[in-house]
Every structure is written in structure tokens, then in C-alpha cells.
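Here's the letter readout for the chains.
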Amino acid sequence: MSDTPADRPVVTRFAPSPTGYLHIGGARTALFNWLYARGRGGKFLLRIEDTDRARSTPEATEAILKGLAWLGLDWDGEPVSQFQRKDRHAEVALQMLAAGTAYKCFSTPEEIAQWREANPRQSFQSPWRDATDLPDAPHAIRLRAPRDGETVIEDAVQGTVRVGNDQLDDMIILRSDGTPTYMLAVVVDDHDMGVTHVIRGDDHLTNTFRQVQIFDAMGWPRPVFAHIPLIHGEDGKKLSKRHGAVGLHEFAALGYPPAAMRNYLARLGWSHGDDELFDDAQAREWFDLSGINRAPARLDFKKLEHVSGHHIGTMADDDLLLVLDQFLADTDAAPLTPQQRNRITAALPALKEKARTLPQLLDQARFALIDRPVEPDEKASKSLDSVSRGMLSALTAAVQHVSWTRDELEQAAKQVAEENGVGLGKLAAPLRAALAGRTTTPSVFDMMTALGREESLARLQDQTDLAG
Ligand code: GLU
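Since we're looking at a predicted model, the values are computed, not measured.

Conventions used here
- Residues numbered from 1 in each chain as written.
- Predicted model: local features only at pLDDT ≥ 70, side-chain atom pairs only at ≥ 80, totals over all residues.
- Heavy atoms only, no water.
- UniProt positions renumbered as here; feature names shortened; annotations may be inferred.
- Helix = DSSP H or I, 4+ residues; strand = E, 2+ residues; numbered from the N terminus.
- Phe/Tyr/Trp six-rings, centres within 6.5 Å; stacked < 30°, edge-to-face > 60°.
- Buried < 20%, exposed > 50% of the residue type's maximum accessible area, 1.4 Å probe, protein only.
- Axes fitted to C-alpha atoms, helices over the stretch in contact; angles between N-to-C directions.
- Parallel < 35°, antiparallel > 145°, perpendicular 65-115°, else oblique.
- Left-handed = near helix turned anticlockwise from the far one by under 90°.
- Contact = heavy atoms within 4.5 Å.
- Near = heavy atom within 4 Å.
- Polar contact = N/O pair within 3.5 Å; in protein donor to acceptor, adjacent residues only side chain to side chain.
- Areas by Shrake-Rupley, 256 points an atom, 1.4 Å probe, with all protein chains shown as cover.
- 1 Å grid on protein atoms, 1.4 Å probe; cavity = no way out; pocket = protein on both sides within 12 Å on 5 of 7 lines; lining within 4 Å.
- Sits in = over half its atoms within 2 Å of the grid points.
- Nonpolar A, V, L, I, M, F, W, Y, C, P; charged D, E, K, R; others polar.
- Pairing = 2+ DSSP bridges.
- Points joined across faces, edges and corners; volume = space filled by probe spheres on them.
- Expected span 1.5 Å × (residues − 1).
- Arc of directions from axis to C-beta.

Trainee: Looking at this model, I keep getting lost on the UniProt feature "domain: Aminoacyl-tRNA synthetase class I anticodon-binding" (unreviewed entry) in the protein. Mind explaining?
Mentor: In the numbering used here, UniProt assigns the feature "domain: Aminoacyl-tRNA synthetase class I anticodon-binding" (unreviewed entry) to residues 337-462. End C-alpha atoms of residues 337-462 are separated by 23 Å, and the span's content is 72% helix alongside 0% strand.

Trainee: Just checking my understanding: could you explain the packing of aromatic side chains for this structure?
Mentor: Think of a pair of aromatic rings as described by two things: how far the centres are apart, and how the planes are tilted against each other in angle. A complete count under the given rule lists eight aromatic pairs for this structure. Measuring from centroid to centroid gives 5.7 Å for Phe251 and Phe301, while their planes differ by 0°, and the two rings are stacked. Here Phe251 is found in helix H7 (residues 248-253), whereas its partner Phe301 is found in helix H10 (residues 301-314), with 50 residues between them in sequence. The buried category is assigned to Phe251, whose relative accessible area is 0%. Taken together, the ring pairs in this structure connect Phe32, Trp270, Phe278, Trp286 and Phe287 into an aromatic cluster.

Trainee: So what exactly am I meant to see when it comes to the packing of helix H3 (residues 86-99) against helix H6 (residues 205-218) here?
Mentor: Working note: a packed helix pair is described by the angle between its axes plus the distance between those axes. The interhelical angle for the contact between H3 and H6, taken along N-to-C directions, is 60°, at an axis separation of 11 Å. Between H3 and H6, the angle falls in the class oblique. H3 and H6 meet at a crossing whose hand is left-handed. Mapping the contact onto sequence places Val92, Gln95 and Met96 in H3 and Ile214, Ala217 and Met218 in H6.

Trainee: I tried to follow the site of the ligand on my own but got confused; where do I start?
Mentor: Lining the immediate surroundings of the ligand are Arg13, Ala15, Pro16, Ser17, Glu49, Tyr182, Arg200 and His204. Between the ligand and His204 there is a distance of 2.9 Å, counted from an oxygen atom to a side-chain nitrogen or oxygen. Protein chains shield 79% of the accessible area of the ligand, which is 300 Å² for the free molecule. Judged by the proximity of its atoms to the pocket grid, the ligand belongs to the largest pocket. Residues that form the shell around the ligand fall into these classes: three nonpolar, two polar and three charged.

Trainee: Looking at this structure, I do not really get the environment of Gly100. What am I missing?
Mentor: Inspection of the secondary structure puts Gly100 in the loop between H3 and strand E4 (102-105). C-alpha separation for the pair Gly100 and Ala217, spaced 117 residues apart in sequence, amounts to 9.3 Å.

Trainee: Any chance you could explain the environment of Met183 here in plain terms?
Mentor: Mapped onto the elements of the fold, Met183 is located in helix H5 (residues 182-192). For Met183, a relative accessible area of 14% translates into the label buried. Taking C-alpha positions, Met183 is 8.5 Å from Ile214, a pair spaced 31 residues apart along the chain. Sequence-distant contacts of Met183, defined by excluding residues within four places in its chain, comprise Met171, Asn207, Arg210, Gln211 and Ile214.

Trainee: Looking at this structure, how should I read the sheet that holds E4?
Mentor: Adjacent strands of a sheet form backbone hydrogen bonds with each other and so pair up, either parallel or antiparallel. Pairing in this open sheet of three strands is antiparallel, and the strands run E4-E5-E8 from one edge to the other. Sheet topology places E4 and strand E8 (172-174) at the edges, where each strand pairs with a single neighbour. Strand-to-strand, the axes of this sheet are offset by a mean angle of 45°, without reference to chain direction. As defined by bridge partners, E4 adjoins strand E5 (residues 140-143) across four bridges and the pair is classed as antiparallel. By the bridge assignment for E5, Cys105 is matched with Ala140.

Trainee: Explain unusual backbone geometry here, please?
Mentor: Residues other than glycine predominantly adopt negative phi, and peptide bonds predominantly adopt the trans conformation. Residue Pro373 is reached from Arg372 by a cis peptide bond, and omega for that bond is -5°. Of note, Asp332 is a non-glycine position whose phi angle comes to about 60°, a positive value. Residue classification places Asp332 among the exposed positions, given a relative accessible area of 73%.

Trainee: What am I meant to see in the layout of surface pockets here?
Mentor: Rolling a probe over the atoms, with the probe sized like a water molecule, indicates the empty space that remains. A volume near 880 Å³ is recorded for the largest pocket. Lining the largest pocket are 34 residues, with Pro16, Ser17, Gly26, Asp203 and His204 sitting closest to its centre. Broken down by secondary-structure element, the contributors of at least two residues to the lining of the largest pocket are strand E1 (11-14), helix H1 (24-38), H5 and strand E9 (197-201). A per-element tally of the lining of the largest pocket places H1 first, with six residues. Of the residues contributing to the lining of the largest pocket, the split by class is 13 nonpolar, twelve polar and nine charged. Looking at the second largest pocket, its volume works out to about 280 Å³. As for the second largest pocket, its lining consists of Tyr21, Leu22, Ala63, Lys66, Gly67, Trp70, Leu248, His249, Ala252, Ala253, Gln326 and Asp330. Put simply, the parts of the chain that give the lining of the second largest pocket at least two residues each are helix H2 (58-71), H7 and helix H11 (317-330). Broken down by class, the residue content of the lining of the second largest pocket amounts to seven nonpolar, three polar and two charged.

Trainee: It is not clear to me how H3 should be interpreted in this structure. Could you clarify?
Mentor: Helical geometry: 3.6 residues make up each α-helical turn, so side chains three or four residues apart lie on a common side. The terminal C-alpha atoms of H3 lie 20 Å apart, and with 14 residues this matches the ideal 20 Å at 1.5 Å per residue to within 8%. Every buried residue of H3 is accounted for by His89, Ala90, Val92, Ala93 and Met96. Relative to the axis of H3, the buried residues are bounded by an arc of 155° and lie together on one face. Exposed side of H3, more than 90 degrees from the buried face: Asp87, Ala98 and Ala99 are the residues found there. Tucked inside the fold, the buried residues of H3 contact E4, E5, E8, H5 and H6. Of the residues flanking the end of H3, it is Gly100, one or two places downstream, whose phi is positive at about 85°.

See the structure below:
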């Protein structure tokens, strides 16, 4: 088998820095890497870039893992801690020193600052690069970067990108305190983890010039790079808190199901023809680097709602119930009681057609969640007077012997309305008030079938009892 990463079985990775929560941009990066690997029978690895000890916290790592799990992205093997690999990073720096692709630099920060002041237009050139007489003193290890020519990256999204080598200084790979730098750590880890494709935000493109210099210096084949444009807000500006939700957990709390988020995030910067709505199997089959756009994607909450409504509407009832359970748990709401679950399950086919988010679904399902006696709100109360209560009594009598199906209930209601010389709407309003206590609900017949005969009639009875 060839040693070109592009020809090896695919290995991708997601490499978050655990300094906060999982940002929507990070979630999309993870999703792209996951889709690319999973669509090709490859591996998707996780690396926690926790070398910044002051900013990295275990809570942040937990939050990221939780976010990935919520989104339904599974990774292979244990997450790799970058910090725990620091000895290996140092070992590579020493290997480079021995090979002459790196050198010891004894310049102090003050000396470097002075040099920069004297040479404002140039990147730092260490006087120790070619020195032969070396002191026994603290030193950093710097890459012996090429001085002439260009460093060129063939990026799968950005195309050919190049920078003159005179723009890049000999970066430090091992600090004078013996700790490896981020640039070195990333390259060593990507190499050791066998990463074939690095798919990440284009804010890392400038780092990539430096990273490929280390790959080249070590004689390691470079992975394929794909730098994806960042996500912008609806106004075209870089996404920030001003735009509303930016953390994946915030989207979860707004009640978009994970499957909908996967669909929506996949479309954020990637396209497959005009396909907007798809499932995981299609996404895995279709996802390719060539479909990633070069222009930044814009977050569009209207579109997200549309995608979310589609997934809620087409999801299997059992799956939707699980998603609902998770949503209630995530938002610290009480879990469904067995009775609530039964009623919601019965109402689900009607509920899921209209709801675009889980809170909308729960709002429509409120009639199934409340207990008797139902307290009609002010608006609903208006349709409950002695005349309409009389009709509810008549309906109660009329449905005593019908089988409790939507059709038969509707037939009975139509007949009662007719006998009272009113349209069905005039009966539906008090019926709705009695069953749900409010004016916007699913259809009264869907509510009656979901609640069942006994509970429905009891709710009607509660109101007719008040007729006096
Ligand atoms: N740790 C970096 C970040 O969170 C990602 C580095 C990489 O993907 O190479 O932005």
C-alpha cells in the first residue's frame, strides 16, 4: 500500500481545546470529520488539546464530550490527551536537533525584542542558527526552516495556497523550560495518530504553513488538509454571542433534535446539489471535501427550524419519544409519567406534523400533560357558557356508545352540532376549552383519542357540572 495519506484508509480527528463549551463551529468541524470517516469505513479520533494548563479544565472536556454525544457523533478509541504526550513531543524535538533540522537558540526574550526593533519588517532570524561554538546555557529549540523559496499547501478546499519562506521565522518547537510548543504537538500527534485528513476551520490555515514545515523536516508525509470557512451570523459577520445561540448546548435547549442539527450543520458550508433535507445514511454517502464551499456559511434560524420540523415530522415515534425524554432531562424538566407518556404516544402522529421544535411539540401536547380538573384560561373560558355547556352534555350522551375513533367521534360531534343548529366550530370551541383549557390545541378529536374515553368524558363532566 502507498504511504501517501490520501491513499491510506481514512483517519480523521477532532481536536478541541477544552477551554469552554462546544461551539457550533466546533460541532460542525467534528461533524465533517465524522461524516468523512464514517462514509469511508475510516476512523474518527478525538484529541483533547489540553496543553494550555491555565485555560484547560476537566469540566470543559466533559462539556465537549457531552456535546459530541448529544449530537450523536461517536469516536474511535479513547480520547487522546495532548498534554500527556508531552514527552513524546520533546523526543521528536531532540530527534530533529540530532538530525540538524532544528537547532539550539540561546537568544533571550530581551535580545529577540531588540532584534525585532532593529528589523521591524523582518521575521526574527536567530544568530544561533549556524553557530558552532555553543554555550552550556538555557536554550530553546528552533526549527531550521527553509529561508528561500515558498511553502506551498494544496488544500482540498482553498486550493493552492503559498507563502514566501522569508515570511516565516524559525519557530520554537521546544521552549527553554523543556515544554513543547503547540505547533510541534499538533504535528507529532497527527502523525502518530495516523491522521490522513485534517479538516478544520480556516482560522488554522496560517498555522498549517508552519506545521507542514515540521512534517517535511521529519520526512513524514503530509496529511490532506481541508480548511473550512468559518460560520457567520445572519448579518454576514463572524458568529458571536450577539447573534444568539453559539454553543451546541444552547441549540439543544432551544429544542432542535440532534438528527436535525446534524442535517442542518452538514449543510452549513457543504452542499450536495440542491438537497436540503437528508438523513445520516445519505449524508455519509454524499459527504465529500469537494462539496465544501469556499465562502463562509451563514447561520439561518429559519432554515434550521424548517429542517428541524422535517425531522420531527418524519422521525419514528419511538425515536421522537427518546429525543423528547433527553430534551426534558437537558432542560431540567420533570420526566414524563407513564400516563403522560401513553397520552403523548397516542397523540404523536398528530403532534409531530405541526411542531418545528420540541418546545412547540410540548406546547401542543400540553393537554396530554395536565391533570384534571382542567382550568380554562381567560380566552378559553369565553366559549364556556350555559348554552355551550348544554352542548357538551349532549355530546357526552351522544358518544356513550360510539367506538372511540376519530371518525366516529367526529360523526357524533357533527350530529350534536346540527341538532343544536350550529356549525361544528361552535361545538369545538367549548370542547377544546374543556379538554385542554386553551384555544390553540391539536384537533379536538385527536385530543379525545389521545386522552381516551374515560379521561375525555371526565373533563367534559367537570365543565358540565358547572352548568348549575
Ligand atoms: N485545538 C484547535 C482548536 O480548538 C484545533 C487544532 C486543529 O484542529 O489542528 O481550534
